[in-house]
Amino acid sequence: KAGVTQTPRYLIKTRGQQVTLSCSPISGHRSVSWYQQTPGQGLQFLFEYFSETQRNKGNFPGRFSGRQFSNSRSEMNVSTLELGDSALYLCASASGDTDTQYFGPGTRLTVL
Amino acid sequence: QQQVKQSPQSLIVQKGGIPIINCAYENTAFDYFPWYQQFPGKGPALLIAIRPDVSEKKEGRFTISFNKSAKQFSLHIMDSQPGDSATYFCAASNEAGGTSYGKLTFGQGTILTVHP
């Protein structure tokens, strides 16, 4: 089976812009979680989608949002970018029946 | 109560050594404890995971030891190799409770260096 794919791999934006990141889960997996990874805060949970519904949300401002499509692919959007949003954004795929998650390679976002 | 504390922050061993990374948790509802390995520029890769019905699990050179009463678990890497040099993360969730909904709580990570 193909693994989790994320696009784009690298992104450079300026403050105030918005960005959309994409994630394709492992075939058959219905759950997609998003995490932000930074040197200072480590890996922090953003939100999880299952069957097109957001089931869980971490402690991030409303500028961070996401959605899931009927084919389980997911997107996350960050509006009004701030310098502190520079991070590696990771998508993780799971069957939905267990918490076993498989991560994609991430999207490296740099905000200038 | 959601924290997972990981130590040490960094670890240096010689080839063949047995590095040990420790994690402690507070939330007694946690019942799923995976370890991830991450190389620079890559996403975390699932190494091994344990659930609290066993005290030890071994997969290849990787072993998890679990102490439910102490709320601690650790990763041992037998016969470590330079290729094991990476960052290791422990994590936890409440899987059986069905309320994690995709949320893993991660430790802060341990940078392991294995010298040849």
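A. Structural detail: the overall build of chain A. Counting its regular elements, chain A contains zero helices and eleven strands. For chain A, the sequential pattern of α-helices and β-strands runs β-β-β-β-β-β-β-β-β-β-β. The globule rule puts the C-alpha radius of gyration for 112 residues at 13 Å, and the 13 Å found for chain A is close to it. Out of the 112 residues belonging to chain A, those deemed buried represent 51%. Long-range pairs, those at least 24 residues apart, make up 54% of the contacts in chain A with a sequence separation of at least 6. Considering chain A, the positive charge centre built from 11 side chains and the negative charge centre built from 7 side chains are found 6 Å apart.

B. Layout of the state of the cysteines. Taken as a whole and judged by the stated rule, the model has two disulfides over all chains. Between the sulfur of Cys 23 of chain A and that of Cys 91 of chain A lies a disulfide, 1.7 Å long from S to S. Looking along the S-S bond of the Cys 23 of chain A-Cys 91 of chain A disulfide, the torsion reads about -45°, which is the left-handed sense. Separated by 68 residues along the polypeptide, Cys 23 of chain A in strand β3 (residues 19-24) and Cys 91 of chain A in strand β9 (residues 87-94) bring together distant segments of the chain. Paired through a disulfide, Cys 23 of chain B and Cys 90 of chain B show a sulfur-sulfur distance of 1.9 Å. The sign of the -95° torsion about the S-S bond sets the Cys 23 of chain B-Cys 90 of chain B disulfide as left-handed.

C. Quick peek at the pairing of β3 of chain A. Residues and elements named next belong to chain A. Taken together, the three bridges between strand β1 (residues 5-7) and β3 define a ladder with antiparallel strand orientation. Within β3, the residue paired with Thr 5 across the bridge is Ser 24. Alignment of β3 against strand β8 (residues 74-78), held across five bridges, turns out to be antiparallel. Its bridge partner lying in β8, Cys 23 is registered against Ser 74.

D. Broad picture of the sheet that holds strand β8 (residues 72-77) of chain B. Residues and elements named next belong to chain B. Spatial ordering of the open sheet is given by β1-β3-β8-β7-β6, a layout of five strands whose pairing is antiparallel. Here the strands that pair on one side only, and so sit at the sheet edges, are β1 (4-7) and β6 (56-59). On average, each strand axis in the sheet is tilted by 15° relative to the strand beside it, whichever way the strands run. In the sheet, β6 pairs with strand β7 (residues 62-67) via four bridges, with the strands oriented antiparallel. Residue pairing in the sheet places Glu 56 in a bridge with Ser 65 of β7.

E. Region of the structure containing the side chain of Ser 33 of chain A. Position of Ser 33 of chain A relative to the elements: it lies in strand β4 (residues 31-38). A polar atom in the side chain of Ser 33 of chain A sits 2.9 Å from the backbone oxygen of Gly 102 of chain B. Apart from residues no more than four positions distant in its own chain, Ser 33 of chain A is found in contact with Phe 45, Phe 47, Glu 48, Leu 90, Cys 91, Ala 92 and Gln 101 of chain A together with Gly 102 of chain B.

F. Spotlight on unusual backbone geometry. The peptide bond linking Thr 7 of chain A to Pro 8 of chain A adopts the cis configuration, its omega dihedral lying at -10°. Looking at the secondary structure, you find Pro 8 of chain A in the loop between β1 and β2 (10-13). Following Ser 7 of chain B, the chain continues into Pro 8 of chain B via a peptide bond in cis, with omega recorded as -5°. Within the secondary structure, Pro 8 of chain B is located in the loop between β1 and β2 (10-14). For Lys 71 of chain B, which is not glycine, the phi torsion reads 55° and is therefore positive. Structurally, the position occupied by Lys 71 of chain B is in the loop between β7 and β8. Residue Lys 71 of chain B is classed as partly exposed on the basis of its relative accessible area, which comes to 28%.

What counts as what
- Residues numbered from 1 in each chain as written.
- Chains lettered and ligands numbered in written order.
- Predicted model: local features only at pLDDT ≥ 70, side-chain atom pairs only at ≥ 80, totals over all residues.
- Heavy atoms only, no water.
- Helix = DSSP H or I, 4+ residues; strand = E, 2+ residues; numbered from the N terminus.
- Rg over C-alpha atoms; globule rule 2.2 N^0.38 Å.
- Buried < 20%, exposed > 50% of the residue type's maximum accessible area, 1.4 Å probe, protein only.
- Contact = heavy atoms within 4.5 Å.
- Lys, Arg positive; Asp, Glu negative; His and termini not counted.
- Charge placed at Lys NZ, Arg CZ, Asp CG, Glu CD.
- Disulfide = S-S within 2.5 Å.
- Pairing = 2+ DSSP bridges.
- Axes fitted to C-alpha atoms, helices over the stretch in contact; angles between N-to-C directions.
- Polar contact = N/O pair within 3.5 Å; in protein donor to acceptor, adjacent residues only side chain to side chain.

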